[in-house]
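Breakdown of the fold
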Amino acid sequence: MPALKVRGALGLMSGTSLDGVDVAYLATDGERILAFGPTGYRPFTEAERAVLRAALDEAEILADRNARPGVLAEAEAIVTAANAEAVEAWREANRSWMPLDGGAFAAPPVDVVGFHGQTVLHRPEVRLTVQIGDGQALARRLNVPVVYDFRAADVGAGGQGAPFVPVFHRAMAGVLHRPQPLAVLNIGGVANVTVLDGEADPIACDVGPGNALIDDFVAGRTGAAMDTGGELAAAGKVDEDAVRRLLGMRFFTLPPPKSLDRNAFKAAAKVHGGLDRASVEDGAATLTAFTAAAVARIVPHLKRPPKCWIIAGGGARNPTLMRMLAERLAPARVEVAERVGWLGDHLEAQAFAFLAVRALDGLPLSYPSTTGVPEPMTGGVVVRP
Ligand SMILES: Nc1ncnc2c1ncn2[C@@H]1O[C@H](COP(=O)(O)OP(=O)(O)OP(=O)(O)O)[C@@H](O)[C@H]1O
Ligand SMILES: CC(=O)N[C@H]1[C@@H]2OC[C@@H](O2)[C@@H](O)[C@@H]1O[C@H](C)C(=O)O
């Protein structure tokens, strides 16, 4: 195989929580990571978030992944503009990041941008996944090649279209001194895991709800966007029967690979969660316990239980969730990404920088063991300014 080329790549990720756009820089040849660069973040405004939420509702009836009826066109323009602004602000903030010969300074060189876009619909069972965001417009505005629409090829070939971070987790874990099997857990709106065990391809899947159920419940009861610091859950009592009922759902009996839509558990939580009768504290405690228990429920599906878990994503900042995870995953070691020197909040943006470089070289982004795609599959659409 010819030597791979090292490129500077910027990854852009806006996740299911609709909080904003994460930016992260890597220098990579698509196999090894040679350097980590500065990160950035551009939150969505409340007004933008309202349009995006409306777009999620509107997208529920989409049958054509290229159609942008109703509010979806406006939402796509918002996503493209927010991502462009995220890069422009990042460029501005890092103009003098790198010392050059002769005493001058420069921004890190960006050869390619990996643009995830905003998922508004994810139905791999009907080969449909929709990430809105105009890659061509972004390439023109930023004057740099952009790779986008990462999930379409995988879903088109019969894969789950998610998760896509495992190949990046494998590169990150390759230089980490931790016993294997090693699990990397991302707790965003949805929770997804990568399990690394020696030379075998990574095993990966979505494992259950992440913060989405907790966020939606707390927002409905108090108007707050989240259970900050897990304080409500810490003050409540877990309804273990409700947790058992929720774990009885078919999704948990399925082996990996499998993936989830953000709202996959919304209806079940209403029916089985006993939330209507619960105090806000007890409801938060029960949903937090369900989130942790759903993670632990993947272990019986694995060949060997992970010895060590690294936790990333917003959920790692919820100490009550972290405590429940440690309890339910014991005796495995559970630690937050920062403990091993990773940037837990920017891991996904870093992953899409890495994936963009792999896409340029036609390297696989997904595998039978990560998305269930029949063969290792490259993907992403490359557009130039
Ligand atoms: N201090 C905190 N206390 C409790 N929860 C927190 C805290 N900070 C973040 N979170 C949770 O993390 C969520 C955001 O997580 P994250 O940014 O990883 O999601 P995302 O990347 O949008 O989602 P996904 O990975 O599913 O695409 C918030 O909605 C909230 O539930
Ligand atoms: C369809 C989609 O956007 N899925 C997201 C979502 O957020 C977390 C989880 O669900 C994961 O499957 C995926 O994102 C990460 C970045 C992934 O593909 O690995």
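- For the chain, an unreviewed UniProt entry supplies the name Anhydro-N-acetylmuramic acid kinase and the organism Blastochloris sulfoviridis.
- Quoted verbatim from the Sequence similarities (unreviewed entry) field of the UniProt record, the comment on the chain reads "Belongs to the anhydro-N-acetylmuramic acid kinase family."
- The UniProt entry for the chain carries the following comment under Function (unreviewed entry): "Catalyzes the specific phosphorylation of 1,6-anhydro-N-acetylmuramic acid (anhMurNAc) with the simultaneous cleavage of the 1,6-anhydro ring, generating MurNAc-6-P. Is required for the utilization of anhMurNAc either imported from the medium or derived from its own cell wall murein, and thus plays a role in cell wall recycling."

1. Concerning the environment of T286
- Tracing the sequence through the fold places T286 in helix α10 (residues 280-296).
- Assessed through its relative accessible area of 2%, T286 is described here as buried.
- As for T286 and D239, which are separated by 47 residues in sequence, their C-alpha atoms are 5.5 Å apart.
- Sequence-distant contacts of T286, defined by excluding residues within four places in its chain, comprise K237, V238, D239, A242, V243 and G273.

2. Considerations on the domain arrangement of the chain
- Each assigned domain of the chain is listed here: domain 1 (7-162 + 345-383) and domain 2 (166-340).
- The largest per-residue losses of area from domain 1 upon contact with domain 2 belong to D345, L347 and S369, which jointly make up 26% of the total buried on that side.
- Our count for the domain 1 to domain 2 interface comes out at one salt bridge.
- On inspection of domain 1 and its partner domain 2, the count reaches 10 residue pairs in polar contact (both at pLDDT 80 or more).
- Ranked by residues supplied to the side of domain 1 that touches domain 2, first place goes to helix α12 (residues 347-360) with seven residues.
- When its residues are assigned to classes, the side of domain 1 that touches domain 2 shows 14 nonpolar, nine polar and four charged.

3. As for the pattern of salt bridges
- Within this structure, the stated rule accounts for 18 salt bridges.
- When the shortest N-O distance is used, the salt bridge between R95 and E92 registers 3.2 Å. Each member of the pair R95 and E92 is classed as exposed.
- Residues participating in the shared-partner salt-bridge network are R42, E48 and E85.

4. Description of the confidence of the model for the chain
- Per-residue pLDDT for the chain averages 95, and the proportion of residues at 70 or more is 99%.
- Under the prediction, the complex receives an ipTM of 0.96, its pTM being 0.94.

5. Description of the UniProt feature "binding site: ATP" (unreviewed entry) in the chain
- The positions that UniProt labels "binding site: ATP" (unreviewed entry) are, in the present scheme, G15, T16, S17, L18, D19, G20, V21 and D22.
- Among all residues touching S17, those that are not within four sequence positions of it are G188 and G189.
- Mapping D19 onto the fold places it in the loop between β1 (7-13) and β2 (20-28).
- For D19, a relative accessible area of 34% gives the class partly exposed.
- With near-sequence residues (within four places) excluded, D19 lies in contact with Y41, P43, F44 and R49.

6. Some remarks on the site of ligand 1
- In the neighbourhood of ligand 1, 21 residues make up the surrounding shell, with T16, G189, D215, G229 and G314 lying closest.
- At 2.6 Å, a side-chain N or O of T16 approaches an oxygen atom of ligand 1.
- In this structure, an oxygen atom belonging to ligand 1 sits 3.2 Å away from a side-chain N or O atom of N186.
- Counting contributing residues, the shell around ligand 1 receives three or more from each of domain 1 (7-162 + 345-383) and domain 2 (166-340).

7. Points about the packing of helix α5 (residues 166-173) against α12
- Orientation of α5 relative to α12, taken along the N-to-C sense of each, is 100°, at an axis distance of 9 Å. Here α5 lies roughly perpendicular to α12, going by the angle between them. Contacts from V167, F168, H169, R170, A171 and M172 of α5 reach α12 at L347, Q350, A351, F354, L355 and R358.
- Its residues assigned to classes, the contact of α5 with α12 comprises eight nonpolar, two polar and two charged.

8. Brief notes about the site of ligand 2
- Within the structure, ligand 2 sits among 16 residues, and T119, R151, F164, V165 and D206 are positioned closest to it.
- The backbone of F164 places a nitrogen or oxygen atom 2.8 Å from an oxygen atom of ligand 2.
- The contact in question runs from an oxygen atom of ligand 2 to an N or O atom on the side chain of D206, over 2.8 Å.
- Protein chains shield 98% of the accessible area of ligand 2, which is 430 Å² for the free molecule.
- Listing elements by their share of the shell around ligand 2, those giving two or more residues are β7 (118-123), β11 (190-196) and α12.
- Taken together, the residues that form the shell around ligand 2 break down as seven nonpolar, six polar and three charged.
- Of the domains in this structure, domain 1 (7-162 + 345-383) and domain 2 (166-340) are the two that each give at least three residues to the shell around ligand 2.

Quick notes on the rules
- The residue numbers shown here count from 1 along each chain, following its written sequence.
- To label them, take the chains in the order written and letter them from A, then take the ligands in the order written and number them from 1.
- For this predicted model, a pLDDT threshold of at least 70 governs which residues receive local features, and a threshold of 80 or more governs which side-chain atom pairs are given and counted, while totals over whole chains, interfaces and linings are taken from all residues.
- Only hydrogens and water are removed before side-chain values are computed, so all heavy atoms of the structure are retained for them.
- UniProt positions are given in the numbering used here, feature names are shortened, and annotations may be inferred rather than shown by experiment.
- Runs of H or I in DSSP of at least four residues are treated as helices and runs of E of at least two as strands, each being numbered from the N terminus.
- Exposure categories follow from relative accessible area, calculated using a 1.4 Å probe and restricted to protein chains: below 20% of the type maximum is buried, above 50% is exposed, and the middle band is partly exposed.
- It only takes one pair of heavy atoms within 4.5 Å for two residues to be counted as in contact.
- Segmentation of the chain into domains, including their bounds, is taken from an automatic or database domain assignment.
- A 1.4 Å probe defines the accessible area here, and the buried area is the portion of it lost by two parts on being joined, summed over both.
- Between Lys or Arg on one side and Asp or Glu on the other, a salt bridge is scored when a side-chain nitrogen of the former is within 4 Å of a carboxyl oxygen of the latter.
- The definition of a polar contact used here is a pair of N or O atoms within 3.5 Å, where within protein one atom must be able to donate a hydrogen and the other to accept one, and adjacent residues in sequence count solely through side-chain atom pairs.
- Charged means Asp, Glu, Lys or Arg here, nonpolar means Ala, Val, Leu, Ile, Met, Phe, Trp, Tyr, Cys or Pro, and polar covers whatever is left, Gly included.
- Every residue is assigned a pLDDT by the predictor, reflecting its confidence on a scale from 0 to 100.
- By convention in these notes, a residue is near a molecule or strand provided one of its non-hydrogen atoms lies within 4 Å of it.
- All axes are obtained by fitting lines to C-alpha atoms, using only the stretch in contact for helices, and the reported angles, taken between N-to-C directions, cover 0 to 180 degrees.
- Roughly parallel here means an angle under 35 degrees, roughly antiparallel means over 145, roughly perpendicular means 65 to 115, and every remaining angle is called oblique.
- For every accessible area listed, the method is Shrake-Rupley and the probe measures 1.4 Å; residues are considered covered only by the protein chains on display.

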